[in-house]
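# Tertiary structure, described
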Amino acid sequence: MAQAALKAWPTGVKGKKNLPPLTGDKLVRECGLPIAELAVDAADVQGLVFRGYGALPECCYPLLRIEEPERGRAFVRAIVDRVSRGVPAARTVAVQIAFTSLGLSALGLPQSILQQFSRPFLEGMVGAHRSRFLGDTGESSPKRWEWGGPSTPPVHVLLMLFAESAPRLEELLAEMRRTWEAHGLSEIRILRTNPALLGKEHFGFADGISQPAIEGYHPVSSRLHLVKPGEFLLGYVNEYGLYTERPLVEAALDPFGSLPLDVEGSPRRDLGRNGTYLVFRQLRQNVVAFRETLDALTRNPDGSPNRQAREYLAARMVGRWPSGASLVEAPHGDDPTKARNNLFRYHHEDRDGLKCPIGAHVRRANPRDALAPHPGSERSLEVNRRHRLLRRGRTYGPELAPDAVDGEDRGLMFIALNANIVRQFEFVQHSWLVDPRFNGLYGEADPIVGMDEQNAFTATIDPVPVRCTGLPRFVTVVGGAYFFMPGIRALRFLGRLPTDTKASS
Amino acid sequence: MPQQEPLTVLASVDLRRAEALTDVLREMREDPAHNPVLPFGALRGWHFGRVLYLPPATGLEGEPLPPKLLLLGDCDGSARAQLEALVDVGGTNLDRLFGACEGYPSSPSRAARLAFLRKKSVATKANYVHRQGRTVEQILGERELRRALREFVARERLDGVPALEARRRIRAFVRETPRLRWALEPPPPLPLSFRAKNALHATTLPLGLLAFGPAIVPAVLFLLLLVRLEELRDEPEHLRPTPEHVHALTELEDWYAHNGFTAGGFVKPGWVRQAVIRSVLPLIGWGTRHLFTRDSLAGVKTIHFARWIPLDDYRRVVFASNYDGSLESYNNDFIDLVAWGLNLVFSNGLGYPKTRWLLFGGATLEQEFKDFLRRHQIPTPVWYSAYPDLTAVNIERNAELRAGLSGFMNERKAKEWLRLL
Ligand code: HEM
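What you see is a predicted model, and the numbers here were worked out from it, not measured in a lab.

Residues and elements named next belong to chain A. Around the ligand, a shell composed of 28 residues is seen, among which Ile209, Ser210, His361, Arg368 and Arg391 lie nearest. Between the ligand and arginine 368, the relevant distance is 2.7 Å, taken from an oxygen atom to a side-chain nitrogen or oxygen of the residue. For the shell around the ligand, the elements supplying multiple residues, two or more each, are strand S9 (276-285), helix H13 (361-365), strand S12 (411-418) and helix H15 (422-434). Classifying every residue of the shell around the ligand gives 16 nonpolar, six polar and six charged. Shared between two domains, the shell around the ligand holds at least three residues of each, these being domain 1 (5-20 + 283-479) and domain 2 (42-280 + 483-499).

Once the domains are mapped, chain B shows domain 1 (4-123), domain 2 (138-186 + 391-418) and domain 3 (192-385). Averaged C-alpha coordinates put domain 1 of chain B and domain 2 of chain B at centres separated by 41 Å.

Counting buried residues along helix H11 (residues 366-376) of chain B, nine of its 11 residues qualify, which places the element largely inside the surrounding structure. By the burial criterion, the buried members of H11(B) are Glu366(B), Gln367(B), Phe369(B), Lys370(B), Asp371(B), Phe372(B), Leu373(B), Arg374(B) and His376(B).

Moving on, we come to the interface of chain A and chain B. Buried accessible area, meaning the area lost when the parts come together, often serves as the stated size of an interface. Contacts between chain A and chain B engage 38 residues on the former and 44 residues on the latter. Between chain A and chain B, a total of about 3,300 Å² is buried, with carbon and sulfur atoms accounting for 54% of that surface. Three residues, Arg132(A), Tyr442(A) and Pro463(A), lead the burial of chain A against chain B; their summed loss comes to 21% of the area buried on that side. Our enumeration of links across chain A and chain B arrives at four salt bridges. Put simply, Asp352(A) and Arg419(B) hold a salt bridge, and the shortest N to O gap is 2.6 Å. For the pair chain A and chain B, the number of links is 19 residue pairs in polar contact (both at pLDDT 80 or more).

Residue and element names in this part refer to chain B. Spatially, S6-S8-S9-S7 is the arrangement adopted by the four strands of the open sheet, whose pairing is antiparallel. Every interior strand has two partners, whereas the edge strands, strand S6 (126-129) and strand S7 (258-266), have only one. Neighbour to neighbour, the strand axes of the sheet diverge by 10° on average, direction disregarded. Of the strand pairs in this sheet, S6 and strand S8 (residues 303-311) are connected by four bridges, and their pairing is antiparallel. Looking at the pairing, asparagine 127 lines up with arginine 307 of S8.

So, on to unusual backbone geometry. A cis geometry characterises the amide bond from Val87(A) onward to Pro88(A), with omega recorded as -10°. Checked against the element boundaries, Pro88(A) lands in the loop between helix H4 (69-79) and strand S2 (93-99). Cis geometry is adopted by the peptide bond preceding Pro373(A), which originates at Ala372(A) and carries an omega value of -5°. The phi torsion at Trp357(B) lies on the positive side, around 50°, for a residue other than glycine. Relative to the helices and strands, Trp357(B) is located in the loop between strand S10 (355-356) and strand S11 (360-361).

The next point concerns the confidence of the model for chain B. On average, residues of chain B carry a pLDDT of 94, and 100% of them reach 70 or more. Both scores are given for the predicted complex: the pTM is 0.94, the ipTM 0.95.

Looking now at the environment of Ala166(B). Locating Ala166(B) in the fold gives a position in helix H6 (residues 163-176). Given the relative accessible area of 0%, Ala166(B) is considered buried. In this structure the C-alpha to C-alpha distance between Ala166(B) and Lys415(B), which are 249 residues apart in sequence, comes to 9.3 Å. Among all residues touching Ala166(B), those that are not within four sequence positions of it are Val464(A), Leu158(B), Val161(B) and Leu418(B).

What follows covers the packing of aromatic side chains. For the coordinates displayed, the defined rule picks out 37 aromatic pairs over all chains. For the pair Phe48(B) and Trp383(B), a centre-to-centre distance of 6.2 Å together with 25° between the ring planes defines the contact as stacked. On the criterion of sequence distance, the pair formed by Phe48(B) in strand S2 (residues 46-54) and Trp383(B) in strand S12 (residues 382-385) is long-range, its members being 335 residues apart. Residue classification places Phe48(B) among the buried positions, given a relative accessible area of 1%. Taken together, the ring pairs in this structure connect Phe261(B), Trp308(B), Phe319(B), Tyr323(B), Tyr330(B), Phe334(B), Phe346(B), Tyr352(B), Phe369(B) and Phe372(B) into an aromatic cluster. Across the ring face of Tyr236(A), the terminal group of Arg273(A) is positioned such that the distance to the ring centre comes to 4.2 Å. A cation over an aromatic ring shows up here: Arg496(A) above the ring of Phe256(A), its NZ or CZ 3.9 Å from the ring centre.

Here we come to the sheet that holds S12(B). Residues and elements named next belong to chain B. Spatially, S1-S5-S2-S12 is the arrangement adopted by the four strands of the open sheet, whose pairing is antiparallel. Across the chains shown, the open sheet's two edge strands, defined by having one partner strand only, are strand S1 (4-12) and S12. Going across the sheet, the axis of each strand differs from the next one's by a mean of 10°, ignoring polarity. Against the sheet, helix H2 (residues 79-90) contacts S1, S2 and strand S5 (68-76), and its axis sits at roughly 60° relative to S1.

Residue placement: Leu418(B) occurs in helix H13 (residues 411-418). With relative accessibility at 0%, the residue Leu418(B) sits in the buried group. Separated by 251 residues in sequence, Leu418(B) and Arg167(B) place their C-alpha atoms 7.6 Å apart. Every residue in contact with Leu418(B), bar those within four places of it in the chain, is listed here: Pro463(A), Val464(A), Pro465(A), Ala163(B), Ala166(B) and Ile170(B).

Quick notes on the rules
Residues numbered from 1 in each chain as written. Chains lettered and ligands numbered in written order. Predicted model: local features only at pLDDT ≥ 70, side-chain atom pairs only at ≥ 80, totals over all residues. Heavy atoms only, no water. Near = heavy atom within 4 Å. Polar contact = N/O pair within 3.5 Å; in protein donor to acceptor, adjacent residues only side chain to side chain. Helix = DSSP H or I, 4+ residues; strand = E, 2+ residues; numbered from the N terminus. Nonpolar A, V, L, I, M, F, W, Y, C, P; charged D, E, K, R; others polar. Domains from an automatic or database assignment. Buried < 20%, exposed > 50% of the residue type's maximum accessible area, 1.4 Å probe, protein only. Contact = heavy atoms within 4.5 Å. Buried area = accessible area lost by both parts, 1.4 Å probe. Salt bridge = Lys/Arg side-chain N within 4 Å of Asp/Glu carboxyl O. Pairing = 2+ DSSP bridges. Axes fitted to C-alpha atoms, helices over the stretch in contact; angles between N-to-C directions. pLDDT = per-residue confidence, 0-100. Phe/Tyr/Trp six-rings, centres within 6.5 Å; stacked < 30°, edge-to-face > 60°. Lys NZ or Arg CZ within 6 Å of the ring centre and 35° of its normal.

Shown next, in the form of structure tokens:
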């Protein structure tokens with residue numbers, strides 16, 4: 001796979017030097033660190049950071065509430081050895097766990113430590129400014145959410161359960177339920193997913209193709225996608241050559257020595273190391289509206305439907321064809337042989353968006369080399385690497401057959417992992433997806449997730465731009481929260497928090 | 001076409017009347033464009049306006065610094081003339097705003113108000129204008145033009161029509177539409193008097209360097225060395241902003257295409273930093289006036305206007321700007337594109353992240369820098385924009401669209417031009 005990536009590296013693209021991947025000596029030179037220190041401690045990291053568990057198609061997400069600190073900690077102690085790590089990779093079932101800031105508080109984490117977590121995590125996903133910022137207004141407004149909103153029970157714990165088969169998942173869920181019930185946690189809801197749609201989403205497109213690779217874990221990758229571990233894990237160097245802010249704990253508060261040392265050399269212990277922030281948003285997809293709108297926009301002059309034009313328009317909105325082939329590489333029609341290609345860029349290939357519209361979802365969600373400074377250059381990619389997301393979501397709800405209409409609830413359990421919620425998830429969501437003025441556009445939010453009631457989209461340029469207007473909202477947020485997914489040692493620490501820390505904070 | 005000038009009124013507030021003043025500001029905040037005290041929307045040629053109150057503070061040597069009222073405008077034409085317009089539009093209501101200031105006339109007439117405002121006006125040392133000469137009228141007109149052309153192109157189903165033919169039809173449409181016809185002419189140039197003055201000003205720096213050249217080089221190097229010694233001793237503390245402060249700021253943020261940014265802080269003690277800040281601000285002023293004059297402040301294309309204002313004889317400095325998008329993206333642009341420029345000025349500020357040789361480090365310490373800016377940001381509830389839906393890039397593209405209506409084009413050029421629609 002890595003070898004293939006190397007071979008597929010574009011050669012001889014006009015005005016651009018070939019950039020070798022960052023390996024060996026070069027890696028040491030650029031990071032000023034010996035490899036040993038860079039290598040990710042995968043055994044202490046929850047496996048979801050490295051894999052989406054594609055081989056375990058069955059999955060559900062229980063949301064829980066801790067009723068009492070000591071029993072909550074007992075639950076963490078009871079489950080910690082079941083939690084799947086980066087190595088060895090889970091084979092038949094996997095269990096991952098994450099906490100909201102309310103959850104950490106409910107475990108009895110002292111305020112002095114809790115307050116060192118990042119601001120959005122502490123504030124939570126809802127709040128007037130944040131909702132405005134993320135586009136969670138109107139129908140997506142948190143007051144209408146089914147969970148995670150101001151009028152629904154507070155969420156403390158997120159479990160993520162994966163299994164190779166449906167019976168195995170039910171078994172795992174039953175086992176987990178026994179454990180959380182034994183420790184007095186209450187069940188808020190179980191979010192189910194659709195195993196049949198793995199690798200695909202409800203609008204009909206392949207998903208989960210483009211992901212960043214983590215330096216120090218993935219051995220070799222193209223510079224386009226190879227990102228410093230500190231962008232996805234706390235306690236490692238990030239794309240600024242710095243350590244992202246993270247909670248550090250006085251040694252005295254870690255009497256069992258559960259936690260790793262602060263890599264920056266302070267006498268404190270690192271509660272953040274090998275952990276990451278997990279952004280969870282339940283995004284309902286209105287597939288019927290999506291199809292009907294596209295259908296109405298692409299009818300023949302005589303009023304008959306034009307299936308081909310409809311598929312073309314949908315692909316323009318996404319930026320990839322249903323197979324996954326990029327419009328940059330396959331501008332005229334789907335080409336399944338290019339389905340997994342992910343080494344294309346935008347600037348030299350398609351500066352003006354003639355092949356893949358500037359406003360297409362994938363081109364907004366990751367503009368690659370298309371933005372300042374110096375579009376098309378290595379500098380542009382360097383800045384781009386500071387805004388990458390590891391996506392680990394799954395679809396939910398039944399697939400809608402072609403030409404069928406129903407009222408079923410379906411969509412995407414969107415999960416993104418990042419070390420800096422503000423610079424990564426919130427920046428991508430706001431500045432690239434929701435902002436109708438992204439990259440010189442005017443009045444065009446993201447055509448897939450833009451939370452605008454009256455959206456527009458420039459679909460083609462021929463030679464005048466052809467704009468679709470009056471696009472409704474296709475995706476609605478129905479729940480969500482910011483979580484912290486700790487490393488294994490951090491989990492042990494949380495399970496053994498002293499009982500009286502509340503008083504000492 | 002008039003130039004853009006910064007208008008700055010800075011007055012000390014009588015502490016006893018400060019409370020009444022905050023009430024007035026609260027009233028203005030309800031609707032900066034139409035509020036009865038100073039309806040910014042009624043001021044012709046104001047791109048941006050803001051009023052802020054700086055509460056009393058204590059200087060680094062324990063000296064009391066009185067509270068201040070700061071009125072800023074980014075205006076078309078001369079600031080002098082705009083001050084008159086301000087007095088005419090505000091009328092007696094200005095008394096409510098400035099009545100709390102020391103030295104405000106007790107029985108104000110139009111002349112007395114004007115005299116007060118003139119007296120309290122300060123010249124700006126360093127001011128950035130995204131594009132000198134582009135007036136509010138032009139910006140709003142070109143926005144209308146874009147809307148009209150988009151409608152026309154959709155209505156006439158111009159897709160598929162060859163580029164030159166499409167352009168010909170668009171031009172015919174503009175010609176036949178009286179309310180758009182102005183767009184066929186390019187905007188008039190800046191007044192000759194302004195250009196002459198500017199050209200003269202451009203020579204000051206090279207001439208000064210020439211005249212004092214031999215003396216300046218060692219002096220600068222010596223100063224830099226002293227700065228370096230200070231930097232080595234500097235151990236700024238990384239503090240996070242309080243949730244309350246962040247809340248007061250975010251409440252006002254991200255309503256429009258752009259935000260107003262105001263930040264202020266103390267200059268580090270000692271003559272070295274005084275010497276640096278007093279020479280750097282005019283230097284930046286020269287640069288923004290003669291180098292960064294076309295839609296980009298050293299690579300940042302999202303700033304409409306920006307300026308630095310020294311307070312209390314350079315004991316404090318306030319920075320005020322109007323930028324597109326979110327504060328996070330603004331900060332990222334700072335770090336990724338012009339860290340050196342920020343370091344040059346802000347590193348003279350107390351508590352700024354550690355720099356090396358005045359230009360390096362500092363802003364590149366991402367989180368520390370972002371927290372520093374947040375902590376020094378001043379909530380600015382009374383803030384006005386004449387075109388809240390437009391980014392600087394939108395404005396540029398609208399201007400290019402208009403410019404392309406005149407002149408000769410071949411097929412290729414016409415194609416490129418049509419993409420702006
Ligand atoms: C229901 C909502 C959404 C749907 C249907 C959707 C669909 C897709 C599809 C089909 C792709 C192409 C497959 C791939 O490149 O892996 C994609 C890519 C991507 N999406 Fe979404 N998406 C949704 C929401 C979001 C949100 C909310 C974000 C971020 C805040 C996001 C960020 C991304 C990113 C970063 C990529 C990869 C782009 C690249 O690296 O080229 N998506 N999405």
